[in-house]
Structures are given as C-alpha cells and as structure tokens.
Amino acid sequence: MAEESTQAAGPIRMTSINRMMDDIRYKAQILARTTKLESGIMGMGIVGFAVGLGIIMLCVLVPALMLGAI
C-alpha cells in the first residue's frame, strides 16, 4: 500500500521539480543577460561620454557662433 501512494506521487513531484528548474533556468538567463549588458555599458562608458559631450558642444556652440556672426 505504501508503495502505491509513492508511485502516484511520482509524476506530481517531477512536475514540481520541472517547474522549479524552469524558474531557475529563466532567472539564470535574466542574470546572464543583465551581466552582459552591464559589462558592455561599463566598457563603452568613457567613449560614449566623450561622443555625447562632443555632440552637445556642437549643438550649443554652432547656434551661438551663428548668432554672434549675425
């Protein structure tokens, strides 16, 4: 009798384990994606800052120089 009840609970346990594994796998993928994104941002941070600063300087200085010439 005891063996019959454990056999019936087997598929339920496997379903529960599979759900937990899917959840763990999903969280691991999110963590890996976030880590890759952060490392890419950190690697290009200074270059991006320099490019952004250059663009802003052009957007501010070009109109100021044009108004000064008029």
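Source: prediction; values computed, not measured. (Residues numbered from 1 in each chain as written. Predicted model: local features only at pLDDT ≥ 70, side-chain atom pairs only at ≥ 80, totals over all residues. Heavy atoms only, no water.)

1. Things to note about the overall build of the chain
Here is step 1 of the chain: Scanning the chain from N- to C-terminus turns up one helix and zero strands.
Here is step 2 of the chain: Counting over 70 residues, the chain shows a buried share of 0%.
Here is step 3 of the chain: Within the structure as shown, the chain displays about 6500 Å² of accessible surface, and the carbon and sulfur contribution to it stands at 74%. (Helix = DSSP H or I, 4+ residues; strand = E, 2+ residues; numbered from the N terminus. Buried < 20%, exposed > 50% of the residue type's maximum accessible area, 1.4 Å probe, protein only. Areas by Shrake-Rupley, 256 points an atom, 1.4 Å probe, with all protein chains shown as cover.)

2. Concerning a nonpolar patch on the surface
Here is step 1 of the chain: Residues Phe49, Leu53, Ile56, Met57, Val60, Leu61 and Leu65 make up a contiguous nonpolar surface patch of about 730 Å² in total accessible area.
Here is step 2 of the chain: Within the secondary structure, valine 60 is located in helix 1 (residues 2-69). (Patch = residues over 30% accessible without salt bridge, like charges linked within 9 Å, V, L, I, M, F, W, Y side chains within 5 Å. Salt bridge = Lys/Arg side-chain N within 4 Å of Asp/Glu carboxyl O.)

3. Quick word on the pattern of salt bridges
Here is step 1 of the chain: Under the criterion given, the structure shown has two salt bridges.
Here is step 2 of the chain: Between arginine 25 and aspartate 22 there is a salt bridge, with its nearest N and O atoms 3.0 Å apart. Of the two residues, arginine 25 and aspartate 22 both sit in helix 1, three residues apart, roughly one turn of that helix.
Here is step 3 of the chain: Between lysine 27 and aspartate 23 there is a salt bridge, and its shortest N-O distance comes to 3.5 Å. Taken together, the positions of lysine 27 and aspartate 23, both in helix 1 and four residues apart, correspond to about one turn of that helix.
Here is step 4 of the chain: Exposure remark for lysine 27: the relative accessible area of 53% places this residue in the exposed category.

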